[in-house]
Amino acid sequence: MDAFVPSQPLIEGLDLSLTYGKRVILDHVDIEVMPGEIVTLIGPNGAGKSSLVRVLLGLQKLSGGRIKRKPGLRVGYVPQRFPLTSNVPLDVKRLLSLTLRAAPADIDAALAETGIAHLKDAAVASLSGGELQRALLARALLRKPELLVLDEPVQAVDFIGETKLYELISQIRRTHGCGILMVSHDLHMVMAESDRVICLNGHICCEGGPETVRHDPEFIKLFGPQAARVIAAYSHHHDHDHESHAQHDHKHHNHKH
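Below you will find a few notes about this structure. Worth saying up front: this structure is predicted, and the values here are computed from it rather than measured.

Comments concerning unusual backbone geometry
The phi torsion at His28 lies on the positive side, around 55°, for a residue other than glycine. Residue placement: His28 occurs in strand S2 (residues 23-33). The class for His28 is partly exposed, based on a relative accessible area of 49%. Residues other than glycine seldom take positive phi values, yet Lys144 does so here, at roughly 50°. Relative to the helices and strands, Lys144 resides in the loop between helix H4 (129-141) and strand S6 (147-151).

Notes on the environment of Arg196
Relative to the assigned elements, Arg196 resides in strand S8 (residues 196-201). Note on Arg196: relative accessible area 6%, which makes it buried. Taking the C-alpha atoms as reference points, Arg196 and Glu207, 11 residues apart in sequence, are found 7.0 Å from one another.

A few points about the sheet that holds S8
Ordered by their spatial adjacency, six strands build an open sheet running S5-S6-S7-S3-S8-S9, and the pairing between neighbours is mixed. Either end of the sheet is taken by a strand with one partner, and the two such strands are strand S5 (75-78) and strand S9 (203-208). Averaged over all neighbouring strand pairs, the angle between strand axes comes to 15°, with direction disregarded. As paired elements, S6 and strand S7 (residues 179-183) share five bridges and run parallel to each other. Bridge pairing links Leu148 to Ile180 in S7.

Conventions we followed
Residues numbered from 1 in each chain as written. Predicted model: local features only at pLDDT ≥ 70, side-chain atom pairs only at ≥ 80, totals over all residues. Heavy atoms only, no water. Helix = DSSP H or I, 4+ residues; strand = E, 2+ residues; numbered from the N terminus. Buried < 20%, exposed > 50% of the residue type's maximum accessible area, 1.4 Å probe, protein only. Pairing = 2+ DSSP bridges. Axes fitted to C-alpha atoms, helices over the stretch in contact; angles between N-to-C directions.

The following block contains the structure:
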């Protein structure tokens, strides 16, 4: 087996198809995530974003195509819906160790990194939307992921909380060097924090750097010209973040299969 080198994708989906009866959910989709890259999936409701994530993670069976993963790939996953039953008393530290035996020091470190060390003994049922998302992020970080997969990580979070969560996600990428695949509907934050944006509507409508995508006719057709204007208004605040990744982006976009 060839040795893994950083210029190879962590995960790659080739010609992926998913159908339910006659309904086509994914239509010949190609996708890859490189080490240290934030890739965001956007698209209308019912576009197949969560299905694509589940297929890549092996949680849903493909109808066609194939998936290549880095050997031994460690994945941290924050699903769109986390099943919590309010009648089961569960505190945050217990949530983190439900499916993974972790050292107390590692749990403390993950909670500190996500900004909720003070909530270690809090009941999960008492957390706000943003606090729960941070707890689930901490839980994913315990796996020491090379690939972090986040399906709508800012739902049920107010605007200020959204901004801080996206900043935390960027910080995690810088600290851990992991690749991040994120599903989101929040266009201006997506454009600010992503290296590459993939616009999905059953098939890939367009993909590329945030600036390229927001000018793409397919993006404008899906989201409307006002979306491109809103994004433009926000993007200049974050330009400095992207300069440090410019070299890194260029390398990715010239990547050939």
